[in-house]
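Read off the chains here:
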Amino acid sequence: MTRDMNKYLRQGLSGTRFCPGCGHGILMGAILRAVDRLGIAMEDLLFVSGIGCAAWIPSPNIGTDTLHTLHGRALAFATGAKLVNPKLTTIVASGDGDLTSIGGNHLIHSARRNLDVTVICANNLIYGMTGGQTASTTPVGARTSTDPDGNNFRPFDICNLVMASGARYAARFPVTRPNQLIDAIEKALRIEGFTFVEAISPCPTQFGRRNSTAEISELYDSVDSKCISRAEAQAMDEDERLRHFVIGEFEP
Ligand SMILES: Cc1ncc(C[n+]2csc(CCOP(=O)(O)OP(=O)(O)O)c2C)c(N)n1
Ligand SMILES: [Mg+2]
């Protein structure tokens, strides 16, 4: 994190808990830069997270109020916080497992009810914290600790899932394209109602080393090279599309 974002960090920290090369640190920088652009005061901001490596993005790193809650229940806590103080800009920042597996119901119903929060999903395609198990976002064929020969099941398209549930805005970008990611987070924060940004965030420790991309730079290149536009996706058959990340903005 460059020094210009220091003012948003909790005092006394001597570093983050992320592994070397974890994309979650880049995402944290992107979130803070979007907040900075909008000039949101620290006291008007609340971060809520569940459990997982991604849930460490706000807590303990960011110096605003943060709720570090139960696995899968970040949106339930955010709902309560929003009821008590609707004026707070409330950002839920958590992992793909946390938000779409154990927390999947809270995600779709928060979108359906148009809860006024911005959800930022750090999608590292795996359960990072607990040892690299298959998640509902793991690509077909990717090896994990629970699928050493490769995952058989198709992953959720989380942006489509939340849009179909009623979200006002969704976007997907990898952390390898930070400017697009910052723009998307800024836009999501400007829109009232339920908004969602999915950041593809490489996990060298649990995903990369099992999928022939042990070098951090190789993993970042691999993720970036799989990013395609919606127009490119339309020209592909389903099997080929599932091997890529369709990036961009999704609006009703
Ligand atoms: C009720 C409950 N079930 C399971 C766990 C174990 N657990 C902690 S984090 C986690 C998965 C985290 O994955 P994700 O949300 O994708 O975050 P990541 O670590 O990958 O960033 C699991 C299964 C838990 N803490 N509580
Ligand atoms: Mg994960």
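All of these numbers come straight from a predicted model, not from anything done at the bench.

Draft legend 1. The arrangement of the site of ligand 1 in detail. Taken together, 17 residues lie around ligand 1, and Cys53, Asp96, Gly97, Asp98 and Gly128 are the ones closest in. Gly97 places a main-chain nitrogen or oxygen 2.8 Å from an oxygen atom of ligand 1. The separation between an oxygen atom of ligand 1 and a polar main-chain atom of Ile126 is 3.1 Å. For ligand 1, whose accessible area on its own is 590 Å², the fraction buried by protein is 72%.

Draft legend 2. Highlighting the coordination of the magnesium ion (ligand 2). Summarising the metal site, the magnesium ion (ligand 2) is bound by the protein donors Asp96 (OD), Asn124 (OD1) and Ile126 (O), whose distances to it range over 2.0 to 2.1 Å. Each donor residue of the magnesium ion (ligand 2) lies on the same chain, and together they follow the pattern D-x27-N-x1-I. By relative accessible area, which is 2% here, Ile126 ends up buried.

Draft legend 3. Structural view of unusual backbone geometry. With an omega of 15°, the peptide bond running from Ser59 to Pro60 counts as cis. Following the sequence through the fold, Pro60 ends up in the loop between strand S1 (45-49) and strand S2 (65-68). Positive phi values are uncommon outside glycine, yet Asn114 reaches one of about 55°. Here Asn114 shows up in the loop between helix H4 (104-112) and strand S4 (118-123). Here Leu125, not a glycine, exhibits a phi torsion of approximately 70°, which is positive. Residue placement: Leu125 occurs in the loop between S4 and helix H5 (158-165).

Draft legend 4. Fine view of empty space enclosed by the protein. Taken as a whole and judged by the stated rule, the model has 1 cavity of 30 Å³ or more. The volume enclosed by the largest cavity comes to roughly 30 Å³. In terms of lining residues, the largest cavity is bounded by Asn124, Leu125, Ile200, Ser201, Pro202, Cys203, Phe207, Leu219 and Val223. Looking at the lining of the largest cavity, its residues break down into 7 nonpolar, 2 polar and no charged.

Draft legend 5. Here's a closer look at the pairing of S1. When you tally the buried positions in S1, you get 5 out of 5 residues, the bulk of the element. Side chains Leu45, Phe47 and Ser49 project from S1 onto one buried face, and the interleaved Leu46 and Val48 project onto a second face that is buried too. Inspection of the sheet shows S1 paired to strand S3 (residues 89-95) by 4 bridges, in the parallel sense. Across the sheet, the residue bridging to Leu46 is Thr90, located in S3. One ladder, built from 4 bridges, connects S1 with S2; its direction is parallel. Counterpart to Val48 in the pairing with S2 is Leu67.

Quick notes on the rules
- Residues numbered from 1 in each chain as written.
- Chains lettered and ligands numbered in written order.
- Predicted model: local features only at pLDDT ≥ 70, side-chain atom pairs only at ≥ 80, totals over all residues.
- Heavy atoms only, no water.
- Near = heavy atom within 4 Å.
- Polar contact = N/O pair within 3.5 Å; in protein donor to acceptor, adjacent residues only side chain to side chain.
- Areas by Shrake-Rupley, 256 points an atom, 1.4 Å probe, with all protein chains shown as cover.
- Donors = N, O, S within 2.8 Å, 3.2 Å for Na, K, Ca; no water.
- Buried < 20%, exposed > 50% of the residue type's maximum accessible area, 1.4 Å probe, protein only.
- Helix = DSSP H or I, 4+ residues; strand = E, 2+ residues; numbered from the N terminus.
- 1 Å grid on protein atoms, 1.4 Å probe; cavity = no way out; pocket = protein on both sides within 12 Å on 5 of 7 lines; lining within 4 Å.
- Points joined across faces, edges and corners; volume = space filled by probe spheres on them.
- Nonpolar A, V, L, I, M, F, W, Y, C, P; charged D, E, K, R; others polar.
- Pairing = 2+ DSSP bridges.

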